[in-house]
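Coordinates in review
Spelled out from the first residue to the last, the chains are:
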Amino acid sequence: MRVAVLNDVHGNLPALEAVLGELEVVQPDLVVLGGDMVLGPFPRETLETLLALNDRACFVRGNTDRQPDGFVVDQLTVEQLAFLAGLPVSVSLDVDGLGPTLFCHGSPRSDEEIVTRLTPEERLAPMLAGVDEDVVVHGHTHVRYDRRSGAKRILCPGSIGMPYEEEPGAYWAALGPDVELRRTPYDLEAAVGRIATSGLPGAEAWAREYVYAVNGPNEASRYLEELASAD
């Protein structure tokens, strides 16, 4: 099975549409949505677009899907909110070339736990305790990386809608037979214009922060690790 992993879309519909267009060329067997799909400017349209993938999609719940904010709650139906709340916290799939692979949002034990390329082994090892899969794919921290932890391979594809990277775009991964960390460019100016009319409170500031902004991945990882250490 070849899998595309789309994490942390955060309601950024223009970014999602660009990636879905690229998937028409890549043609994965399955698209894994790794959580935090709707918190952002286009929650309803984003969820409807993802649900239209039908049996081509597999969903994992993120922390903001579990606890959506007021804007998201106002935009979605009761049935859509219940769908998000009922999603699994992890999914295990057999990926070509990688073998058994666990997909989660934060870490295998928590949808809010912080894992980055800089997470020390003494903090990472307890998160992986009891995980049988050789590969773990997570989201939540929005910075892409690919590393080893003992016998396990740990990776984050980055974020579709709110990347913390050196170049704007939508970040995702194609898995099988190996790992390909990918970036899809899209029309940023057009995206900002659409987001400005979305009704999201502070939409223009949101777009400046997450569409145009460049967030250094090393600096972001260090900041996230400081947050984790403070907990």
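This one's a predicted model, so the numbers in the text were calculated from it and none came from an experiment.

1. Regarding the overall build of the protein
Counting its regular elements, the protein contains nine helices and ten strands. The C-alpha radius of gyration computed for the protein amounts to 16 Å, which stays within 12% of the reference 17 Å derived for 231 residues, consistent with globular compactness. Counting only C-alpha atoms and orienting by the principal axes, one finds that the protein spans roughly 50 × 40 × 35 Å. For the protein, the residues scored as buried account for 58% of the 231 residues in total. Pairs at least 24 apart in sequence give 69% of the contacts found in the protein among residues at least 6 apart. Of the roughly 9700 Å² of accessible surface on the protein, a fraction of 50% belongs to carbon and sulfur atoms.

2. With respect to unusual backbone geometry
Note the cis peptide between glycine 176 and proline 177, where omega equals 0°. Its location among the elements puts proline 177 in the loop between β9 (170-175) and β10 (179-184). Positive phi values are uncommon outside glycine, yet histidine 10 reaches one of about 50°. Assignment of secondary structure puts histidine 10 in the loop between β1 (3-6) and α1 (13-26). For asparagine 54, which is not glycine, the phi torsion reads 55° and is therefore positive. Here asparagine 54 lies in the loop between α2 (43-51) and β3 (57-59).

3. Topic: the nonpolar core
Grouped together as the largest cluster of nonpolar side chains are 44 residues, with contacts concentrated most on Leu6, Leu23, Leu33, Met37, Ile160, Trp172 and Val211. The element that contributes the greatest number of residues to this core is α1, accounting for seven residues. What methionine 37 contacts, discounting residues up to four positions off in sequence, is Val9, His10, Gly11, Thr46, Leu50, Phe59, Val60, Asp65, Leu84 and Leu87. Among the nonpolar cores identified, the runner-up in size contains 17 residues, and Cys58, Val60, Ala173 and Val179 belong to it.

4. Quick word on the environment of cysteine 104
Mapped onto the elements, cysteine 104 comes out in strand β5 (residues 99-104). When the C-alpha atoms of cysteine 104 and arginine 56 are compared, they prove to be 18 Å apart, with 48 residues separating the residues in sequence.

5. Considerations on the packing of aromatic side chains
All chains considered together, the criterion is met by two aromatic pairs. Here the guanidinium or amino end of arginine 194 rests over the ring plane of phenylalanine 42, the centre of that ring lying 5.9 Å away.

6. Structural notes on the layout of surface pockets
A volume near 240 Å³ is recorded for the largest pocket. Around the largest pocket, the lining comprises 14 residues; the ones closest to its centre are His140, Thr141, His142, Tyr164 and Leu224. Mapped onto the lining of the largest pocket, the elements with two or more residues apiece are α3 (63-66) and α9 (217-230). A class-by-class count of the residues in the lining of the largest pocket yields seven nonpolar, six polar and one charged.

7. A word on the pairing of strand β8 (residues 152-156)
The buried fraction of β8 amounts to five of the five residues, a majority that puts the element mostly inside the structure. With burial as the criterion, each face of β8 is covered, one bearing Lys152, Ile154 and Cys156 and the other bearing Arg153 and Leu155. Of the strand pairs in this sheet, strand β6 (residues 135-137) and β8 are connected by three bridges, and their pairing is parallel. Each residue of the ladder has a partner; that of valine 135, found in β8, is arginine 153.

8. Quick word on the pairing of strand β7 (residues 145-149)
Across the two faces of β7 the burial differs, with Tyr145, Arg147 and Ser149 buried and Asp146 and Arg148 not buried at all. Sheet topology places β7 next to β8; five bridges connect them, and they run antiparallel. Counterpart to serine 149 in the pairing with β8 is lysine 152. Connecting β7 to the next strand, β8, in antiparallel fashion are two residues, including glycine 150 with a positive phi near 60°.

9. Considering the pattern of salt bridges
Under the defined criterion, the tally for this structure stands at 15 salt bridges. Between arginine 44 and glutamate 48 there is a salt bridge, and its shortest N-O distance comes to 3.4 Å. Here arginine 44 pairs with glutamate 48, and both are found in helix α2, just four residues apart, close to one helical turn. The class for arginine 44 is partly exposed, based on a relative accessible area of 32%. Residues joined by salt bridges that share partners form a network here, namely Glu22, Glu180 and Arg182.

What counts and how
Residues numbered from 1 in each chain as written. Predicted model: local features only at pLDDT ≥ 70, side-chain atom pairs only at ≥ 80, totals over all residues. Heavy atoms only, no water. Helix = DSSP H or I, 4+ residues; strand = E, 2+ residues; numbered from the N terminus. Rg over C-alpha atoms; globule rule 2.2 N^0.38 Å. Buried < 20%, exposed > 50% of the residue type's maximum accessible area, 1.4 Å probe, protein only. Contact = heavy atoms within 4.5 Å. Areas by Shrake-Rupley, 256 points an atom, 1.4 Å probe, with all protein chains shown as cover. Core = buried A, V, L, I, M, F, W, Y, C linked by side-chain atoms within 4.5 Å. Phe/Tyr/Trp six-rings, centres within 6.5 Å; stacked < 30°, edge-to-face > 60°. Lys NZ or Arg CZ within 6 Å of the ring centre and 35° of its normal. 1 Å grid on protein atoms, 1.4 Å probe; cavity = no way out; pocket = protein on both sides within 12 Å on 5 of 7 lines; lining within 4 Å. Points joined across faces, edges and corners; volume = space filled by probe spheres on them. Nonpolar A, V, L, I, M, F, W, Y, C, P; charged D, E, K, R; others polar. Pairing = 2+ DSSP bridges. Salt bridge = Lys/Arg side-chain N within 4 Å of Asp/Glu carboxyl O.

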